[in-house]
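Listed below are the residues making up each chain.
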Amino acid sequence: AQTPPAPAADAAAAPAAPTPDFVFTGNLGIFSQYIFRGLTQTNRKPAVQGGFDVAHKSGAYVGTWLSNISWYSDTAGLQDSSVSLEWDLYGGYKWDLGNDFGLDVGGLYYYYPGTYQDGATKANTLEAYVAGSWKWAQLKYSRVVGNKTFGFPDSRGSDYVEGNINYDVVDKVNDMVGKVTLIGHVGRQRFKNYSDFDYTDWKVGVSTDLSGYTVGVAFTGTNAQGDLYTNRFGRDISDHQFVAFLQKTF
């Protein structure tokens, strides 16, 4: 009888793709309002936000991010200023410490271009930060290293400490709906030489992936003194409020 041919040897496994030197990511979103550290930045009006990041395989990264804002010009006594944009510039270094632990150290410059009325302190602010993370939890500390803190003069040393969680409850719902993530946050803002403006803020929310987009909703609040955070339209920008968003990462 004829001997059957030996089966062909399995093809060698394809080598793993090398880690790229640089990774570019971007994001663009539409928000029902822009809330930063518990305060509405747009007087409860919509915001368009977006930015991009460049990360090196060593752990170094730089990025930029922009959003429309109105809070500065909405402040009582500053209505003759015209400041409608927040432009963030940041960079730092991330370490993978193993066992799902990470460390992130960097700096962030909040730039508010526009026209400022005579005698007004510009809102531009420079912070240094350090953040530790484990899986879905993060603890972060930011400290102002310049002499201005979002319009407060002579406030070097103002700081913000925060805890954040982003916990994936479900990895995938179906072919259209992806993971479902619970969002939690609590933070404490302190202003050097302006302690009456200190406050604690919090946020709870949920987001999900929907056909390649991220959609979500959150509820925020603070314990700030409302009279100190009431703008010239009579609105307390530190009050409890909702925000909904649609975002695309690419």
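Computed from a predicted model, the values in this text were never measured in an experiment.

1. Some words on the overall build of the protein chain
- Each helix and strand counted, the protein chain has one helix and 16 strands in total.
- Taken over C-alpha atoms, the radius of gyration comes to 23 Å for the protein chain, far larger than the 18 Å a tight globule of 250 residues would show.
- Reported as C-alpha extents along the three principal axes, the dimensions of the protein chain are approximately 100 × 35 × 30 Å.
- Sequence separation of 24 or more characterises 51% of the internal contacts of the protein chain that already satisfy a separation of 6 or more.
- Per element, the accessible surface of the protein chain, about 14,300 Å² overall, is 60% carbon and sulfur.
- Charged side chains of the protein chain number 20 positive and 25 negative; the gap between the two group centres comes to 2 Å.

2. Description of the pattern of salt bridges
- Applying the stated criterion across every chain, the model contains five salt bridges.
- The partner of aspartate 168 in a salt bridge is lysine 179, with the nearest N and O atoms 3.9 Å apart. With a gap of eleven residues between them, aspartate 168 in strand β12 (residues 159-170) and lysine 179 in strand β13 (residues 177-190) connect regions that are remote in the sequence.

3. Looking at the sheet that holds strand β7 (residues 101-111)
- Around the barrel, twelve strands lie side by side as β1-β4-β5-β6-β7-β8-β9-β12-β13-β14-β15-β16; this closed barrel has antiparallel pairing. On average, each strand axis in the sheet is inclined to that of its neighbour by 20°, with strand direction left out of account.
- In this sheet, strand β5 (residues 60-68) lies alongside strand β4 (residues 47-56) in antiparallel orientation, the contact comprising seven bridges. Paired with alanine 55 across the two strands is tyrosine 61, which belongs to β5.

4. Here we look at unusual backbone geometry
- Despite not being glycine, arginine 37 shows a phi value in the positive range, around 50°.
- Note that arginine 37 resides in the loop between β2 (35-36) and β3 (39-40).
- In the Ramachandran plot, phenylalanine 150 falls in the positive-phi region, its phi being about 50° despite a non-glycine side chain.
- Structurally, phenylalanine 150 can be placed in the loop between β10 (148-149) and β11 (152-153).
- Using a relative accessible area of 12% as the deciding quantity, one classes phenylalanine 150 as buried.

5. Here we look at the nonpolar core
- Within the largest apolar cluster, 18 residues are counted, with the highest numbers of intra-cluster contacts made by Trp71, Tyr72 and Tyr112.
- For this core, the elements supplying multiple residues, two or more each, are β5, α1 (71-74) and β7.
- Ignoring any residue separated from it by four or fewer positions in sequence, one finds tyrosine 112 in contact with Ile69, Trp71, Val83, Leu85, Glu86, Ala123, Asn124 and Phe150.

6. Some points on the packing of aromatic side chains
- All told, the structure shown has 21 aromatic pairs when counted by the stated rule.
- Residues phenylalanine 31 and phenylalanine 245 carry aromatic rings whose centres are separated by 5.3 Å and whose planes lie at 20° to one another, so their mutual orientation is stacked. In this pair, phenylalanine 31 is assigned in strand β1 (residues 22-31) and phenylalanine 245 in strand β16 (residues 241-249), connecting sequence segments 214 residues apart.
- Centroid distance phenylalanine 152 to phenylalanine 191: 4.7 Å. Interplanar angle 40°. Geometry classified as tilted. Residue phenylalanine 152 is found in strand β11, and its partner phenylalanine 191 is found in the loop between β13 and β14 (199-210); the two are separated by 39 residues along the sequence. Of the two residues examined, phenylalanine 152 and phenylalanine 191, each falls in the buried class.
- Within the aromatic cluster, the residues linked to one another by ring pairs are Phe152, Phe191, Tyr194, Phe197, Tyr199 and Tyr229.

Rules and cut-offs
Residues numbered from 1 in each chain as written. Predicted model: local features only at pLDDT ≥ 70, side-chain atom pairs only at ≥ 80, totals over all residues. Heavy atoms only, no water. Helix = DSSP H or I, 4+ residues; strand = E, 2+ residues; numbered from the N terminus. Rg over C-alpha atoms; globule rule 2.2 N^0.38 Å. Contact = heavy atoms within 4.5 Å. Areas by Shrake-Rupley, 256 points an atom, 1.4 Å probe, with all protein chains shown as cover. Lys, Arg positive; Asp, Glu negative; His and termini not counted. Charge placed at Lys NZ, Arg CZ, Asp CG, Glu CD. Salt bridge = Lys/Arg side-chain N within 4 Å of Asp/Glu carboxyl O. Pairing = 2+ DSSP bridges. Axes fitted to C-alpha atoms, helices over the stretch in contact; angles between N-to-C directions. Buried < 20%, exposed > 50% of the residue type's maximum accessible area, 1.4 Å probe, protein only. Core = buried A, V, L, I, M, F, W, Y, C linked by side-chain atoms within 4.5 Å. Phe/Tyr/Trp six-rings, centres within 6.5 Å; stacked < 30°, edge-to-face > 60°.

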